[in-house]
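As a plain string of letters, each chain reads:
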2 protein chains.
Amino acid sequence: MEPDLIRRLATPAATKVVLCVMDGLGGLPGPRGRTELEEADSPQLDRLAELGAVGQSIPVGIGITPGSGPGHLALFGLDPLRHEVGRGALEATGIELELGPLDLAARGNLCTVDGDGRIVDRRAGRVATEVTADIAGVLSAVELPGVELTVRPVREHRFVLVLRGEGLSAAITETDPQQVGVAPLAAEPLPDAVDGVRPDAARTAELVNGFVARARRLLEPREPANGLTLRGWATRPELPQLPALWRLRAAAVATYPMYRGLARLVGMDVLDAGETIDTQLAALGRHWEQYDFFFLHWKHTDSAGEDGDFTRKMRAIEAFDRALPRVLALEPDVLVVTGDHSTPATMAAHSWHPVPLLISGRHVRVDHSHGFGEGECARGGLGTIPAREVLPLAFAHAGRLAKYGA
Amino acid sequence: MEPDLIRRLATPAATKVVLCVMDGLGGLPGPRGRTELEEADSPQLDRLAELGAVGQSIPVGIGITPGSGPGHLALFGLDPLRHEVGRGALEATGIELELGPLDLAARGNLCTVDGDGRIVDRRAGRVATEVTADIAGVLSAVELPGVELTVRPVREHRFVLVLRGEGLSAAITETDPQQVGVAPLAAEPLPDAVDGVRPDAARTAELVNGFVARARRLLEPREPANGLTLRGWATRPELPQLPALWRLRAAAVATYPMYRGLARLVGMDVLDAGETIDTQLAALGRHWEQYDFFFLHWKHTDSAGEDGDFTRKMRAIEAFDRALPRVLALEPDVLVVTGDHSTPATMAAHSWHPVPLLISGRHVRVDHSHGFGEGECARGGLGTIPAREVLPLAFAHAGRLAKYGA
């Protein structure tokens, strides 16, 4: 649904909606011919499917494998092809570093360079996060004219660089050559289709190259982390804000920084949800009266899928299934269960396959499904719909969308 | 998928994809309540459906009956509503007459006119192709100022006229009145919405009328082929080129000129595939290592459907089914079987009905289908998708599309 139409039809109501996102939920048949979800012992989900309706969601488009960013933006009702969150912004978001309007962020890698400055290991032997944290402290002390500078560790060799100042531009090239045997590249301003190279891009590239030169000297004695590369230049993404758009109070109940950050980018309040499903459910219960919409994120399905561990992904689904009664006990008016993309254990990676979708609530047109699995969902009553239509559909079921036309 | 996104995500890989197009594959139930495909004894296709996934493709749009051009452009991943190949260009393509940037083509019909110049037979009694070839030679000798002129026979009374010169315009009317009892029309320039009648259109109409006047005198003694009509004015279509767009080597294995021509228009190499399925399969095997993507075209399903011959269409499906093991023996990573449109024998014509679709390969989410037929496909796991998404989906399964977003 287009934002203009949402603005016109969104209506407050005394209803509660819970969107459960099992990350990377969709799978492929394993050795016994059934997917992780089909093989899992998940009686709660099967019962919800039986009493509700199922279908499939397409996160970005047919054949397109989504990253976590686009997958979630779609579930938040946005068209991920129209709203892109650059890598630098996503990484910053992932460590709860909120970007301001003057900020320019990049994803950084520590790397190992030889005596001639050529990269010999693009990940610096995957140094410990503590080493990167220590180095980040050192690099944060670099001074650049007219710019505040922040370096923060992410994990292992990864870090985020944020420059804050007037007139910074993301229209510069990456310094990461994406291969070994060559030196990191200089940042160059990217010409604009209309104006050619703009002064702000030229100045930003110069600032970045100044930072890199000083950083190189500071890193020299720190082999294997004696070099760095920067990519994914991005300013703060301007995304539609869910609470204003839908006229409701929205909260995220997520444990991983990336998903907390994505929720924050669309205006949700991010609850203190601890580290486990128990603390997540406690947060949900504690804040139940304060919000109309809850985004409940479950990460472990995706991690297991990415690791190619079919059984662990199955177990992650079962763990979430066991937690469901505590969600249902709160009596949400509408409950949606889906994923942000598929992560089949057999592929050990995100994939383009449609994602199982389930909706449960009073006004759901109950279909013929007898369980929650890819096979049932492919023939489910909800059909196969773009993921960005899931939220409008849920809010419709919650009486939060007025009639269109007389 | 939009070309800009394809350019961004397309990734080379060491995988082979075969797109089998059974022309006019889709059908309607015959006397025994089952379609041509359902009634055919096609164990290979049924087995592929069982081990893979099925669905339906919509060539142009719901309710739209496609010609061969739009049907194939969609299967080549293009939106046939955005990319139109004019009739003249399609006919030229069909006889392997490659249009250049200065060319203007029309489809011509020889016709019979009476003493007053009025059409009495729009097809000149369907004169033999040899007669038309002879006449084409005579008409090619007509001289026009500043324009090179080519006339080539197609089949029976049909021919192609190509004018080559600077400043020719397709914005002129057709001379075919589409009825008997009236004389062929003069070509008139079509006004442009912005500029009115442009000089190039006026000049082109004048040139065409000059050609027609001289042709009339040359044809006078050749009754029944003593007149001609011209329609479908078209310049060379500018279509995205598959190999550059998808970063792969693409080849067409087709016996009919029209399909060879359509493949050439999107940049495929057209292999010497002989005249039969045996020579087609031999060509496929001979060139297997040289290409990443093969378009294998099977014409006889459509011809039988157009003739309203249910049994012959069934047999054409069975003949293709028997050939499939030789395709499978090459071990393609992804195999797609579909059609460019439906041609139900009960209608003896192309139709708007969705087209059966089958995809087979390692990462296919196997669905519950037990055979390849319209009924199974309507409920298949791939759903009902636009035909232009079939190629991106195939390439996704072949590991040729990178992840979108981080």
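Residues numbered from 1 in each chain as written. Chains lettered and ligands numbered in written order. Predicted model: local features only at pLDDT ≥ 70, side-chain atom pairs only at ≥ 80, totals over all residues. Heavy atoms only, no water.

1. Quick notes on the overall build of chain A
Cut-off, in case you're wondering: Where helices and strands are cited, they refer to DSSP runs of H or I of at least four residues and of E of at least two residues respectively, numbered from the N terminus. Note that the radius of gyration is over C-alpha atoms, with the globule rule given as 2.2 Å times the number of residues to the power 0.38. The rule is simple: take the accessible area with a 1.4 Å probe, protein chains only, and divide by the maximum for that residue type; under 20% is buried, over 50% is exposed, in between is partly exposed. Two residues qualify as a contact provided that any one of their heavy atoms is within 4.5 Å of a heavy atom in the partner residue. Values of accessible area rely on a 1.4 Å probe in the Shrake-Rupley scheme; residue burial ignores everything except the protein chains shown. His is not counted here, nor are the chain ends, while Lys and Arg score as positive and Asp and Glu score as negative. Lys charges are placed at NZ, Arg charges at CZ, Asp charges at CG and Glu charges at CD.
Within chain A, the secondary structure is distributed over 14 helices and 13 strands. Taking 22 Å as the expected radius of gyration for a compact globule of 406 residues, we find that chain A reaches 23 Å, a close match to that expectation. A burial count over chain A gives 57% of its 406 residues as buried. When contacts within chain A are restricted to residue pairs at least 6 apart in sequence, those whose partners lie at least 24 apart make up 73%. Of the roughly 16500 Å² of accessible surface on chain A, a fraction of 49% belongs to carbon and sulfur atoms. If the 42 positive side-chain charges of chain A are averaged to one point and the 53 negative ones to another, these points end up 3 Å apart.

2. A closer look at the interface of chain B and chain A
This is how it is decided: The quantity reported as buried area is the accessible area (1.4 Å probe) lost by two parts once they are put together, taken as the sum for both. Salt bridges are counted wherever a side-chain nitrogen of Lys or Arg sits within 4 Å of a carboxyl oxygen of Asp or Glu. Under this definition, polar contacts are N or O atom pairs within 3.5 Å; protein pairs additionally need one hydrogen-donor-capable and one acceptor-capable atom, and for neighbouring residues in sequence, both atoms have to be side-chain atoms. Here the nonpolar group is Ala, Val, Leu, Ile, Met, Phe, Trp, Tyr, Cys and Pro; Asp, Glu, Lys and Arg are the charged ones; every other residue, Gly included, is treated as polar.
If you look at the interface, chain B gives 24 residues, while chain A gives 31 residues. Across the interface of chain B and chain A, roughly 2100 Å² is buried in total on both sides, 62% from carbon and sulfur atoms. Three residues, B:R365, B:Y404 and B:A406, lead the burial of chain B against chain A; their summed loss comes to 40% of the area buried on that side. A salt bridge links A:E84 to B:R8, with the shortest nitrogen-to-oxygen separation between them at 2.8 Å. At the surface where chain B touches chain A, the tally comes to 10 residue pairs in polar contact (both at pLDDT 80 or more). If you list the elements that add at least two residues to the side of chain B that touches chain A, you get α1 (3-9), β13 (383-386) and α14 (390-397) of chain B. The dominant element in the side of chain B that touches chain A, judged by the number of residues it contributes, is α14(B), at four residues. Looking at side-chain class alone, the side of chain B that touches chain A contains 14 nonpolar, five polar and five charged residues.

3. So, the relation of the copies chain B and chain A
This is how the line gets drawn: Only residues with pLDDT of at least 70 in both copies count here: their C-alpha atoms drive the least-squares fit that superposes the copies.
Under the fitted operation, chain B is carried onto chain A by 0.3 Å of movement along the axis and a turn of 122 degrees, and the coordinates agree to an RMSD of 0.2 Å. On the angle and the small slide along the axis, the relation comes out as a three-fold axis. No C-alpha of chain B approaches the rotation axis more nearly than that of B:R379, which lies at 3.7 Å.

4. Description of the packing of helix α5 (residues 87-94) of chain B against helix α9 (residues 257-265) of chain B
Residue and element names in this part refer to chain B. Rule in force here: Simply put, an axis is a line fit to the C-alpha atoms, just over the touching stretch for a helix, and the angle between two N-to-C directions goes from 0 to 180 degrees. Convention used here: angles under 35 degrees read as roughly parallel, angles over 145 as roughly antiparallel, angles from 65 to 115 as roughly perpendicular, and any remaining angle as oblique. Throughout, a crossing is termed right-handed when the near helix is turned clockwise from the far one, and left-handed when it is turned anticlockwise from it by less than a right angle.
At their nearest, the axes of α5 and α9 sit 7 Å apart, and the two run at 110 degrees to each other. By the angle between their directions, the pair α5 and α9 is classed as roughly perpendicular. Crossing handedness for the pair α5 and α9: right-handed. Residues L90, T93 and G94 of α5 lie in contact with α9, whose contacting residues are P257, M258, G261, L262 and L265.

5. What about the sheet that holds strand β8 (residues 250-253) of chain A?
All names here are of chain A. Threshold: What makes two strands pair is DSSP finding at least two bridges between them.
Read across the open sheet, the eight strands follow the order β9-β8-β10-β1-β11-β12-β2-β13; overall the sheet is mixed. In the strand order of this sheet, the two ends are held by β9 (269-270) and β13 (383-386), each with one partner. In the sheet, strand β2 (residues 53-58) pairs with strand β12 (residues 355-361) via five bridges, with the strands oriented antiparallel. For S57, the partnering residue across the bridge sits in β12 and is V355. Packed onto the sheet, helix α3 (residues 43-51) meets β1 (17-22), β2, β11 (334-338) and β12 and runs at close to 65 degrees relative to β12. Sheet strands touched by helix α4 (residues 68-75): β1, β10 (293-298) and β11. Its angle to β1, the strand with the most contacts, is close to 160 degrees.

6. Notes on the nonpolar core
Here is the rule we go by: Joining through side-chain atoms within 4.5 Å is the link that ties buried Ala, Val, Leu, Ile, Met, Phe, Trp, Tyr and Cys residues into a set, and such a set is a nonpolar core.
Judged by nonpolar contacts, the single largest core of 64 residues is most densely connected at B:L242, B:W246, B:V266, B:M268, B:F293, B:F295 and B:V336. A per-element tally of this core places α14(B) first, with six residues. In this structure, A:V17, A:L99, A:L242 and A:V266 belong to the second largest nonpolar core, which totals 52 residues.

7. Points about the side chain of B:D292
Residues and elements named next belong to chain B. Relative to the assigned elements, D292 resides in the loop between α10 (277-286) and β10 (293-298). The buried category is assigned to D292, whose relative accessible area is 9%. From its side chain, D292 meets the backbone nitrogen of R249 in a polar contact 2.7 Å long. A polar side-chain atom of D292 sits 3.3 Å from a polar atom in the side chain of R400. Look past the residues within four positions of D292 in its chain and what remains in contact with it is A13, T15, K16, V17, L248, R249 and R400.

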